[in-house]
Amino acid sequence: MRAIIKTTCKIMFRNPGFWFFLLITPVLSTVVLRLQQTNLGAYEVTSIYEKVELDSESDKVAYYGGKGKYVVKVYDAAGTELSEYLLDKLTGSGAFLVCRVKVPQMTKADADDRMKVDGYDDRMGAALYLGKSFDEEAVTGSMSDGMVVYTLSEDERKALLDNELHMIIGQIKTAAAAVGSANAASYLTEVNRMLPEMKVVSLAGKNARNLTNEQLDQKALMGYAFAILTLGFVFGGIFVAHTVISEQKDMVFTRIRLTDISSKGYYTAKFLCGGVVSVLLTIVMGVCSLMIDTGRLGINRFSLLAMVFLLGLIFSSISLLFGILLGNIFSANVAAFTLWSMSSLLSGLYFPLDSSAKAVKTISYMMPQKWFLDATEMLMVRDNKVYFVLICVTIAYMVITFSLGSVGIRFRNSDE
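Since the model is a prediction, treat every value here as computed from it, not as a measurement.

Cut-offs used in this document
Residue indices follow the written sequence of each chain, beginning from 1 at its first position. Only residues with pLDDT of 70 or above have their local features reported here, since the model is predicted, and side-chain atom pairs are shown and tallied only from 80 upward, although totals for entire chains, interfaces and linings are computed over all residues. No hydrogens and no water enter the side-chain calculation; it runs on all heavy atoms of the structure. Secondary structure elements follow DSSP: runs of H or I of four or more residues count as helices, runs of E of two or more count as strands, with numbering from the N terminus. Think of it in three bands: with a 1.4 Å probe and only protein chains considered, a residue is buried below 20% of the maximum accessible area for its type, exposed above 50%, and partly exposed in between. All accessible areas in this document rest on Shrake-Rupley with a 1.4 Å probe, and a residue is counted as covered only by the protein chains that are shown. Buried Ala, Val, Leu, Ile, Met, Phe, Trp, Tyr and Cys residues that are joined via side-chain atoms within 4.5 Å together make up what is termed a nonpolar core. Between two residues, a contact is recorded if the distance between any of their heavy atoms is within 4.5 Å. Patch membership requires more than 30% relative accessible area and the absence of a salt bridge. Residues of like charge join within 9 Å; the nonpolar side chains Val, Leu, Ile, Met, Phe, Trp and Tyr join within 5 Å. Salt bridges are identified by distance alone: a Lys or Arg side-chain nitrogen within 4 Å of an Asp or Glu carboxyl oxygen. Here the aromatic set is Phe, Tyr and Trp, taking the six-membered ring for Trp, and pairing holds for ring centres within 6.5 Å; pairs whose planes are under 30 degrees apart are stacked, those over 60 apart are edge-to-face, and all others are tilted. Multiply 1.5 Å by the residue count of a helix minus one, and that product is the helix's expected span. Note that the arc is computed from the directions linking the helix axis to the C-beta atoms. In this scheme, strands are said to pair when DSSP sees at least two bridges between them. Helix axes are fitted only over the stretch in contact, all axes being lines through C-alpha atoms; the angle between N-to-C directions runs from 0 to 180 degrees. Seen with the strands pointing away from the viewer, any crossover whose path from the first strand over the helix to the second strand runs clockwise is right-handed.

Turning to the overall build of the protein, a few remarks are in order. In terms of regular secondary structure, the protein is built from 16 helices and five strands. Going through the 416 residues of the protein one by one, you find that 48% of them count as buried. Carbon and sulfur atoms form 61% of the exposed surface of the protein, whose accessible area is close to 20,800 Å².

What follows is about the nonpolar core. By size, the foremost hydrophobic cluster in this structure holds 68 residues, and its most contacted members are Leu33, Phe226, Ile299, Leu304, Met307 and Phe372. Here this core gets 18 residues from one element, more than from any other, and that element is helix α8 (residues 213–249). Residue contacts for Leu33: discarding those within four places in its chain leaves Leu221, Met222, Ala225, Met285, Ile292, Arg296, Leu297 and Leu304. Core analysis: the next-biggest nonpolar cluster, separate from the first, contains 28 residues, Tyr70, Val74, Val98 and Phe134 among them.

Let's shift gears to a nonpolar patch on the surface. A surface patch of nonpolar side chains, amounting to about 540 Å² of accessible area, comprises Phe13, Trp19, Phe20, Leu23, Ile24 and Leu28. Per-element tally for the nonpolar patch: the top contributor is helix α2 (residues 16–33), with five residues. Within the fold, Phe20 resides in helix α2.

According to the stated counting rule, one finds eleven aromatic pairs in the structure shown. Ring geometry for Phe13 against Trp19: centres 5.7 Å apart, planes inclined by 35°, an arrangement best described as tilted. With a centroid separation of 4.8 Å and an interplanar angle of 5°, the aromatic rings of Phe21 and Phe235 are classed as stacked. Placement of the pair is Phe21 in helix α2 and Phe235 in helix α8, with a sequence separation of 214 residues. Across the pair, exposure class does not vary: Phe21 and Phe235 are buried alike. Members of the aromatic cluster, connected to one another through ring pairs, are Phe13, Phe18, Trp19, Phe20, Phe21, Phe235 and Phe239.

Let us look at the pattern of salt bridges. For the structure on display, the rule yields 14 salt bridges. Salt-bridge contacts for Glu84 lead to Arg100; the nearest nitrogen and oxygen are separated by 3.2 Å. Linking Glu84 in helix α3 (residues 81–92) with Arg100 in strand β3 (residues 97–102), this pair joins segments that are 16 residues apart in sequence. By relative accessible area, which is 26% here, Glu84 ends up partly exposed. Here Lys116 and Asp113 are joined by a salt bridge, their closest N and O atoms 4.0 Å apart.

Moving on: helix α1 (residues 2–13). Since one α-helical turn is 3.6 residues long, residues separated by three or four positions face the same way. Spanning twelve residues, α1 covers 17 Å between terminal C-alpha atoms, matching the ideal 16 Å at 1.5 Å per step. Considered for burial, the residues of α1 that qualify are Ile4, Ile5, Thr8, Cys9 and Met12. Taken end-on, α1 shows its buried residues confined to a sector of 125°, consistent with a single buried face. Of the exposed residues in α1, those oriented more than 90 degrees away from the buried face are Arg2, Ala3 and Lys6.

Here the focus is helix α15 (residues 368–380). Helix length check: α15, at 13 residues, gives a terminal C-alpha distance of 19 Å against a target of 18 Å (1.5 Å per residue), a fit within 8%. The buried fraction of α15 amounts to twelve of the 13 residues, a majority that puts the element mostly inside the structure. Inspection of α15 places Pro368, Gln369, Lys370, Phe372, Leu373, Asp374, Ala375, Thr376, Glu377, Met378, Leu379 and Met380 among the buried residues, and these make up the whole buried set. Phi for Arg382, located one or two positions after α15, is positive at around 60°.

Within the element layout of this structure, Thr30 appears in helix α2. Discounting residues that sit within four places of it in the chain, Thr30 has contacts with Met285, Cys288, Ser289, Met291 and Ile292.

Take the sheet that holds strand β2 (residues 71–76) next. Across the sheet, which stays open at both edges, the five strands sit in the order β1-β3-β2-β4-β5 with mixed pairing between neighbours. Each edge of the sheet is formed by a strand with only one pairing partner; in this case those strands are β1 (52–53) and β5 (147–151). Pairing geometry for β2 and strand β4 (residues 126–130), over five bridges, is parallel. Along β4, the bridge assignment pairs Lys73 with Ala127. In the packing of α3 onto the sheet, contacts are made with β2, β3, β4 and β5, and the angle to β3 comes to roughly 155°. Here helix α6 (residues 158–179) sits on the sheet in contact with β2, β4 and β5, set at roughly 170° to β5.

Looking now at the environment of Ala332. Looking at the element boundaries, Ala332 is found in helix α13 (residues 329–346). For the pair Ala332 and Ser319, spaced 13 residues apart in sequence, the C-alpha separation works out to 8.0 Å. In contact with Ala332, not counting residues within four places along its chain, are Ile238, Ile245, Gly323 and Leu326.

Before going further, it helps to spend a moment on the pairing of β3. Counting buried positions along β3 gives five out of six residues, so the element sits mostly inside the fold. The pairing of β2 with β3 spans six bridges and is parallel. In the sheet register, Lys73 faces β3, and the bridge partner there is Cys99. Considered for its hand, the β-α-β crossover made up of β2, α3 and β3 is right-handed.

Structure follows, in C-alpha coordinates:
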(Lines give C-alpha, C1' and ligand atoms only; values in the text may rest on other atoms or scores of the structure.)
Protein backbone atom coordinates (compact mmCIF):
# COMPACT_ATOMS: atom_id res chain seq x y z
CA MET A 1 0.00 0.00 0.00
CA ARG A 2 2.86 2.35 0.84
CA ALA A 3 4.39 1.78 -2.60
CA ILE A 4 1.07 2.63 -4.29
CA ILE A 5 0.78 5.89 -2.32
CA LYS A 6 4.39 6.82 -3.08
CA THR A 7 4.05 6.09 -6.80
CA THR A 8 0.75 7.96 -7.08
CA CYS A 9 2.19 11.03 -5.37
CA LYS A 10 5.21 11.01 -7.70
CA ILE A 11 2.92 10.92 -10.75
CA MET A 12 0.82 13.80 -9.41
CA PHE A 13 3.86 15.93 -8.57
CA ARG A 14 5.08 15.59 -12.16
CA ASN A 15 1.79 16.99 -13.46
CA PRO A 16 1.86 20.82 -13.96
CA GLY A 17 -1.95 20.91 -13.68
CA PHE A 18 -1.75 19.55 -10.15
CA TRP A 19 0.64 22.31 -9.09
CA PHE A 20 -1.60 24.90 -10.74
CA PHE A 21 -4.62 23.97 -8.63
CA LEU A 22 -2.47 23.39 -5.54
CA LEU A 23 -1.02 26.91 -5.59
CA ILE A 24 -3.53 29.08 -7.44
CA THR A 25 -6.75 28.21 -5.61
CA PRO A 26 -5.44 29.09 -2.10
CA VAL A 27 -3.94 32.32 -3.45
CA LEU A 28 -7.21 33.34 -5.11
CA SER A 29 -9.13 32.45 -1.94
CA THR A 30 -6.78 34.63 0.07
CA VAL A 31 -7.32 37.53 -2.32
CA VAL A 32 -11.10 37.14 -1.90
CA LEU A 33 -10.87 37.02 1.91
CA ARG A 34 -8.74 40.17 1.93
CA LEU A 35 -11.34 42.20 0.04
CA GLN A 36 -12.63 45.31 1.79
CA GLN A 37 -15.91 45.23 -0.13
CA THR A 38 -19.18 45.72 1.76
CA ASN A 39 -22.82 45.13 0.80
CA LEU A 40 -22.06 41.52 -0.06
CA GLY A 41 -24.62 39.82 2.17
CA ALA A 42 -28.39 39.92 2.37
CA TYR A 43 -28.58 42.33 5.27
CA GLU A 44 -30.89 42.01 8.23
CA VAL A 45 -30.46 45.08 10.42
CA THR A 46 -30.52 44.50 14.17
CA SER A 47 -33.90 46.16 14.47
CA ILE A 48 -36.41 47.57 12.02
CA TYR A 49 -36.75 50.48 14.44
CA GLU A 50 -33.27 51.77 13.58
CA LYS A 51 -32.32 53.95 10.64
CA VAL A 52 -29.66 52.65 8.30
CA GLU A 53 -27.03 55.30 7.67
CA LEU A 54 -25.51 55.15 4.19
CA ASP A 55 -22.08 56.52 3.33
CA SER A 56 -22.86 57.56 -0.23
CA GLU A 57 -25.89 58.29 -2.37
CA SER A 58 -24.77 55.48 -4.69
CA ASP A 59 -24.95 52.83 -1.94
CA LYS A 60 -27.48 50.11 -2.73
CA VAL A 61 -30.42 49.63 -0.37
CA ALA A 62 -31.63 46.40 -1.95
CA TYR A 63 -29.30 44.51 0.39
CA TYR A 64 -31.34 45.69 3.38
CA GLY A 65 -34.72 44.61 2.04
CA GLY A 66 -34.74 41.05 3.31
CA LYS A 67 -38.01 39.32 4.19
CA GLY A 68 -40.21 41.76 2.30
CA LYS A 69 -39.41 44.98 4.13
CA TYR A 70 -40.67 48.20 2.58
CA VAL A 71 -37.44 50.11 2.07
CA VAL A 72 -37.44 53.91 1.87
CA LYS A 73 -34.21 55.57 0.74
CA VAL A 74 -33.93 59.13 2.05
CA TYR A 75 -31.74 61.85 0.53
CA ASP A 76 -31.45 64.25 3.44
CA ALA A 77 -30.30 67.67 2.23
CA ALA A 78 -32.03 69.47 5.09
CA GLY A 79 -30.13 68.05 8.05
CA THR A 80 -32.33 69.84 10.62
CA GLU A 81 -33.99 68.78 13.84
CA LEU A 82 -37.38 68.66 12.16
CA SER A 83 -36.14 66.44 9.33
CA GLU A 84 -34.56 64.18 11.95
CA TYR A 85 -37.88 64.08 13.81
CA LEU A 86 -39.71 63.07 10.63
CA LEU A 87 -37.29 60.20 9.94
CA ASP A 88 -37.36 59.03 13.57
CA LYS A 89 -41.16 58.90 13.55
CA LEU A 90 -41.16 57.15 10.18
CA THR A 91 -38.73 54.56 11.47
CA GLY A 92 -40.52 54.20 14.80
CA SER A 93 -43.76 53.27 13.10
CA GLY A 94 -42.25 49.85 12.39
CA ALA A 95 -43.76 49.68 8.92
CA PHE A 96 -40.76 50.97 6.99
CA LEU A 97 -37.02 50.46 6.82
CA VAL A 98 -35.45 53.91 6.42
CA CYS A 99 -32.03 54.14 4.75
CA ARG A 100 -30.75 57.73 5.02
CA VAL A 101 -27.85 59.36 3.24
CA LYS A 102 -26.83 62.89 4.16
CA VAL A 103 -26.40 64.99 1.01
CA PRO A 104 -26.30 68.67 2.04
CA GLN A 105 -25.44 69.86 -1.49
CA MET A 106 -28.14 67.92 -3.32
CA THR A 107 -30.88 69.90 -5.08
CA LYS A 108 -34.27 68.69 -6.29
CA ALA A 109 -32.89 68.51 -9.84
CA ASP A 110 -30.04 66.33 -8.57
CA ALA A 111 -32.56 64.09 -6.80
CA ASP A 112 -34.57 63.75 -10.01
CA ASP A 113 -31.44 62.69 -11.87
CA ARG A 114 -30.54 60.26 -9.10
CA MET A 115 -33.93 58.60 -9.40
CA LYS A 116 -33.21 57.78 -13.05
CA VAL A 117 -30.27 55.72 -11.79
CA ASP A 118 -31.81 54.16 -8.67
CA GLY A 119 -35.01 53.35 -10.51
CA TYR A 120 -33.07 50.84 -12.63
CA ASP A 121 -29.99 49.91 -10.61
CA ASP A 122 -31.47 49.61 -7.11
CA ARG A 123 -34.57 48.14 -5.52
CA MET A 124 -36.72 49.97 -2.99
CA GLY A 125 -40.32 50.77 -2.22
CA ALA A 126 -39.96 54.54 -2.38
CA ALA A 127 -37.41 57.35 -2.14
CA LEU A 128 -37.69 60.57 -0.18
CA TYR A 129 -35.91 63.84 -0.83
CA LEU A 130 -35.75 66.42 1.98
CA GLY A 131 -34.62 69.79 0.67
CA LYS A 132 -33.25 72.94 2.31
CA SER A 133 -36.72 74.45 2.55
CA PHE A 134 -38.15 71.52 4.49
CA ASP A 135 -38.48 73.35 7.82
CA GLU A 136 -40.13 76.42 6.29
CA GLU A 137 -42.70 74.36 4.44
CA ALA A 138 -43.27 71.79 7.21
CA VAL A 139 -44.39 74.36 9.80
CA THR A 140 -47.02 75.63 7.36
CA GLY A 141 -48.12 72.14 6.37
CA SER A 142 -47.78 72.94 2.66
CA MET A 143 -44.99 70.90 1.06
CA SER A 144 -43.64 71.60 -2.43
CA ASP A 145 -39.86 71.51 -2.94
CA GLY A 146 -39.03 70.80 0.72
CA MET A 147 -40.12 67.17 0.50
CA VAL A 148 -40.51 65.02 -2.61
CA VAL A 149 -41.69 61.41 -2.57
CA TYR A 150 -40.66 59.13 -5.43
CA THR A 151 -42.66 55.94 -5.95
CA LEU A 152 -40.39 53.17 -7.21
CA SER A 153 -42.64 50.13 -6.84
CA GLU A 154 -46.25 49.12 -7.15
CA ASP A 155 -46.40 48.04 -3.52
CA GLU A 156 -49.72 48.92 -1.89
CA ARG A 157 -47.87 50.00 1.24
CA LYS A 158 -47.10 53.24 -0.60
CA ALA A 159 -50.51 54.49 0.62
CA LEU A 160 -49.43 53.69 4.19
CA LEU A 161 -46.26 55.72 3.66
CA ASP A 162 -48.29 58.69 2.37
CA ASN A 163 -50.60 58.57 5.39
CA GLU A 164 -47.65 58.39 7.77
CA LEU A 165 -45.95 61.39 6.15
CA HIS A 166 -49.17 63.45 6.24
CA MET A 167 -49.62 62.63 9.93
CA ILE A 168 -46.03 63.62 10.84
CA ILE A 169 -46.23 66.87 8.86
CA GLY A 170 -49.53 67.56 10.64
CA GLN A 171 -47.81 67.08 14.00
CA ILE A 172 -45.06 69.52 13.02
CA LYS A 173 -47.63 72.08 11.86
CA THR A 174 -49.62 71.74 15.10
CA ALA A 175 -46.48 72.14 17.22
CA ALA A 176 -45.42 75.23 15.26
CA ALA A 177 -48.85 76.78 15.76
CA ALA A 178 -48.69 76.08 19.48
CA VAL A 179 -45.17 77.19 20.42
CA GLY A 180 -43.87 78.92 17.27
CA SER A 181 -41.74 77.71 14.40
CA ALA A 182 -38.45 78.22 16.26
CA ASN A 183 -39.47 76.01 19.19
CA ALA A 184 -41.37 73.33 17.27
CA ALA A 185 -38.50 70.84 17.20
CA SER A 186 -37.73 71.03 20.91
CA TYR A 187 -41.44 70.84 21.74
CA LEU A 188 -41.91 67.69 19.69
CA THR A 189 -38.80 66.14 21.24
CA GLU A 190 -40.16 66.81 24.73
CA VAL A 191 -43.52 65.30 23.82
CA ASN A 192 -41.81 62.17 22.53
CA ARG A 193 -39.92 61.77 25.79
CA MET A 194 -43.22 61.51 27.63
CA LEU A 195 -44.28 58.54 25.50
CA PRO A 196 -43.69 55.00 26.86
CA GLU A 197 -40.36 53.53 25.80
CA MET A 198 -40.47 50.55 23.51
CA LYS A 199 -37.97 47.75 23.95
CA VAL A 200 -37.40 45.45 20.97
CA VAL A 201 -35.84 42.04 21.51
CA SER A 202 -34.70 40.18 18.39
CA LEU A 203 -34.89 36.41 18.72
CA ALA A 204 -33.39 33.98 16.25
CA GLY A 205 -35.59 31.19 14.96
CA LYS A 206 -35.01 27.52 15.64
CA ASN A 207 -32.61 27.12 12.72
CA ALA A 208 -31.52 30.75 12.36
CA ARG A 209 -28.68 32.79 13.80
CA ASN A 210 -28.51 36.53 14.27
CA LEU A 211 -25.51 37.91 12.37
CA THR A 212 -24.46 41.51 12.10
CA ASN A 213 -24.12 43.16 8.71
CA GLU A 214 -20.34 42.85 8.99
CA GLN A 215 -20.62 39.14 9.73
CA LEU A 216 -22.95 38.68 6.75
CA ASP A 217 -20.27 40.26 4.55
CA GLN A 218 -17.65 37.96 6.08
CA LYS A 219 -19.89 34.94 5.50
CA ALA A 220 -20.40 35.94 1.85
CA LEU A 221 -16.62 36.24 1.34
CA MET A 222 -16.11 32.88 3.03
CA GLY A 223 -18.62 31.35 0.63
CA TYR A 224 -16.69 32.66 -2.38
CA ALA A 225 -13.44 31.37 -0.87
CA PHE A 226 -14.97 27.92 -0.30
CA ALA A 227 -16.12 27.87 -3.93
CA ILE A 228 -12.58 28.52 -5.17
CA LEU A 229 -10.99 26.04 -2.75
CA THR A 230 -13.54 23.39 -3.70
CA LEU A 231 -12.37 23.69 -7.30
CA GLY A 232 -8.84 22.88 -6.16
CA PHE A 233 -9.96 19.89 -4.09
CA VAL A 234 -12.20 18.53 -6.84
CA PHE A 235 -9.46 18.53 -9.45
CA GLY A 236 -6.90 17.36 -6.89
CA GLY A 237 -9.04 14.26 -6.44
CA ILE A 238 -9.43 13.96 -10.21
CA PHE A 239 -5.66 13.79 -10.64
CA VAL A 240 -5.65 10.83 -8.24
CA ALA A 241 -8.50 9.30 -10.26
CA HIS A 242 -6.43 9.79 -13.44
CA THR A 243 -3.79 7.44 -12.02
CA VAL A 244 -6.47 4.83 -11.28
CA ILE A 245 -7.87 5.07 -14.83
CA SER A 246 -4.38 4.89 -16.40
CA GLU A 247 -3.40 1.90 -14.26
CA GLN A 248 -6.56 0.07 -15.27
CA LYS A 249 -5.96 0.70 -19.00
CA ASP A 250 -2.25 -0.19 -18.80
CA MET A 251 -3.03 -3.40 -16.87
CA VAL A 252 -1.04 -2.11 -13.90
CA PHE A 253 -4.05 -2.71 -11.68
CA THR A 254 -4.19 -6.34 -12.84
CA ARG A 255 -0.52 -6.86 -11.95
CA ILE A 256 -1.13 -5.24 -8.55
CA ARG A 257 -4.01 -7.67 -8.01
CA LEU A 258 -1.54 -10.56 -8.48
CA THR A 259 0.08 -9.47 -5.21
CA ASP A 260 -1.59 -9.78 -1.83
CA ILE A 261 -3.30 -6.35 -2.11
CA SER A 262 -7.09 -6.56 -2.38
CA SER A 263 -9.34 -4.17 -4.30
CA LYS A 264 -10.29 -2.52 -1.02
CA GLY A 265 -6.63 -2.08 -0.07
CA TYR A 266 -5.88 -0.57 -3.47
CA TYR A 267 -8.76 1.89 -3.15
CA THR A 268 -7.69 2.71 0.42
CA ALA A 269 -4.23 3.66 -0.87
CA LYS A 270 -5.75 5.96 -3.50
CA PHE A 271 -8.13 7.33 -0.88
CA LEU A 272 -5.15 8.22 1.32
CA CYS A 273 -3.56 9.97 -1.66
CA GLY A 274 -6.63 12.21 -1.73
CA GLY A 275 -5.94 12.92 1.94
CA VAL A 276 -2.37 13.92 0.99
CA VAL A 277 -3.80 16.37 -1.55
CA SER A 278 -6.03 17.86 1.16
CA VAL A 279 -3.11 18.22 3.56
CA LEU A 280 -0.92 19.93 0.96
CA LEU A 281 -3.62 22.36 -0.12
CA THR A 282 -4.44 23.12 3.53
CA ILE A 283 -0.76 23.85 4.22
CA VAL A 284 -0.59 26.26 1.27
CA MET A 285 -3.83 27.90 2.46
CA GLY A 286 -2.35 28.15 5.97
CA VAL A 287 0.69 30.00 4.64
CA CYS A 288 -1.51 32.32 2.57
CA SER A 289 -3.85 32.94 5.53
CA LEU A 290 -0.98 34.62 7.40
CA MET A 291 -1.60 37.61 5.11
CA ILE A 292 -5.22 37.88 6.31
CA ASP A 293 -6.18 39.76 9.44
CA THR A 294 -8.19 37.47 11.73
CA GLY A 295 -10.68 40.27 12.30
CA ARG A 296 -11.49 40.23 8.59
CA LEU A 297 -12.29 36.51 8.72
CA GLY A 298 -14.77 36.62 11.57
CA ILE A 299 -13.39 33.26 12.79
CA ASN A 300 -10.00 32.15 14.09
CA ARG A 301 -7.34 30.81 11.74
CA PHE A 302 -7.33 27.29 13.22
CA SER A 303 -11.07 26.88 12.58
CA LEU A 304 -10.64 28.11 9.00
CA LEU A 305 -7.88 25.59 8.26
CA ALA A 306 -9.80 22.78 9.96
CA MET A 307 -12.80 23.45 7.71
CA VAL A 308 -10.56 23.65 4.65
CA PHE A 309 -8.97 20.29 5.45
CA LEU A 310 -12.27 18.50 6.14
CA LEU A 311 -13.87 19.99 3.02
CA GLY A 312 -10.85 18.81 1.05
CA LEU A 313 -11.21 15.25 2.33
CA ILE A 314 -14.83 15.15 1.21
CA PHE A 315 -14.35 16.52 -2.30
CA SER A 316 -11.11 14.67 -3.01
CA SER A 317 -12.85 11.39 -2.19
CA ILE A 318 -15.96 12.29 -4.23
CA SER A 319 -13.81 13.17 -7.27
CA LEU A 320 -11.87 9.93 -6.89
CA LEU A 321 -15.17 8.05 -6.74
CA PHE A 322 -16.40 9.70 -9.95
CA GLY A 323 -13.18 8.87 -11.76
CA ILE A 324 -13.36 5.22 -10.74
CA LEU A 325 -17.02 4.80 -11.70
CA LEU A 326 -16.69 6.58 -15.06
CA GLY A 327 -13.38 4.98 -16.05
CA ASN A 328 -12.59 7.71 -18.61
CA ILE A 329 -10.31 10.72 -18.11
CA PHE A 330 -12.38 13.10 -20.25
CA SER A 331 -15.65 12.04 -18.61
CA ALA A 332 -14.04 12.36 -15.18
CA ASN A 333 -12.93 15.94 -15.93
CA VAL A 334 -16.41 16.92 -17.11
CA ALA A 335 -17.98 15.28 -14.06
CA ALA A 336 -15.54 17.11 -11.77
CA PHE A 337 -16.37 20.50 -13.23
CA THR A 338 -20.10 19.73 -13.10
CA LEU A 339 -19.75 18.61 -9.48
CA TRP A 340 -17.96 21.82 -8.55
CA SER A 341 -20.29 24.24 -10.35
CA MET A 342 -23.60 22.63 -9.36
CA SER A 343 -22.66 21.94 -5.73
CA SER A 344 -21.38 25.49 -5.24
CA LEU A 345 -24.56 26.90 -6.76
CA LEU A 346 -27.01 24.70 -4.87
CA SER A 347 -25.22 25.05 -1.52
CA GLY A 348 -25.69 28.83 -1.40
CA LEU A 349 -22.03 29.83 -1.75
CA TYR A 350 -22.83 32.49 -4.33
CA PHE A 351 -26.14 33.80 -2.98
CA PRO A 352 -28.46 32.83 -0.08
CA LEU A 353 -31.23 30.31 -0.70
CA ASP A 354 -33.49 31.42 2.16
CA SER A 355 -36.32 32.42 -0.17
CA SER A 356 -35.97 29.47 -2.54
CA ALA A 357 -38.44 26.60 -2.92
CA LYS A 358 -38.52 23.79 -0.38
CA ALA A 359 -37.17 21.31 -2.94
CA VAL A 360 -34.12 23.51 -3.59
CA LYS A 361 -33.48 23.83 0.15
CA THR A 362 -33.68 20.05 0.52
CA ILE A 363 -31.15 19.55 -2.29
CA SER A 364 -28.97 22.22 -0.71
CA TYR A 365 -28.55 20.16 2.45
CA MET A 366 -27.13 17.34 0.34
CA MET A 367 -24.22 19.56 -0.70
CA PRO A 368 -21.15 19.45 1.61
CA GLN A 369 -20.47 23.19 1.26
CA LYS A 370 -23.87 24.00 2.78
CA TRP A 371 -22.85 22.38 6.05
CA PHE A 372 -19.52 24.20 6.09
CA LEU A 373 -21.23 27.53 5.39
CA ASP A 374 -23.57 26.86 8.31
CA ALA A 375 -20.52 25.95 10.39
CA THR A 376 -19.05 29.36 9.55
CA GLU A 377 -22.17 30.98 11.03
CA MET A 378 -21.86 28.79 14.13
CA LEU A 379 -18.24 29.85 14.58
CA MET A 380 -19.21 33.51 14.26
CA VAL A 381 -21.80 33.20 17.03
CA ARG A 382 -19.47 31.05 19.16
CA ASP A 383 -21.57 27.88 18.97
CA ASN A 384 -19.50 25.09 20.55
CA LYS A 385 -21.36 22.32 18.70
CA VAL A 386 -19.73 23.31 15.41
CA TYR A 387 -16.80 20.87 15.55
CA PHE A 388 -19.07 17.94 16.38
CA VAL A 389 -21.26 18.83 13.38
CA LEU A 390 -18.27 19.11 11.05
CA ILE A 391 -16.79 15.79 12.16
CA CYS A 392 -20.14 13.99 11.79
CA VAL A 393 -20.72 15.45 8.31
CA THR A 394 -17.20 14.53 7.18
CA ILE A 395 -17.48 10.97 8.51
CA ALA A 396 -20.85 10.53 6.80
CA TYR A 397 -19.49 11.55 3.40
CA MET A 398 -16.34 9.49 3.92
CA VAL A 399 -18.31 6.33 4.70
CA ILE A 400 -20.49 6.81 1.61
CA THR A 401 -17.63 7.52 -0.80
CA PHE A 402 -15.37 4.80 0.61
CA SER A 403 -18.13 2.18 0.39
CA LEU A 404 -19.14 3.14 -3.15
CA GLY A 405 -15.50 3.43 -4.23
CA SER A 406 -14.64 -0.07 -2.98
CA VAL A 407 -17.64 -1.49 -4.82
CA GLY A 408 -16.70 0.52 -7.94
CA ILE A 409 -13.17 -0.89 -7.98
CA ARG A 410 -14.51 -4.42 -7.78
CA PHE A 411 -17.07 -3.67 -10.49
CA ARG A 412 -14.41 -2.28 -12.87
CA ASN A 413 -12.18 -5.26 -12.09
CA SER A 414 -14.94 -7.77 -12.88
CA ASP A 415 -15.56 -6.00 -16.21
CA GLU A 416 -11.95 -6.47 -17.14
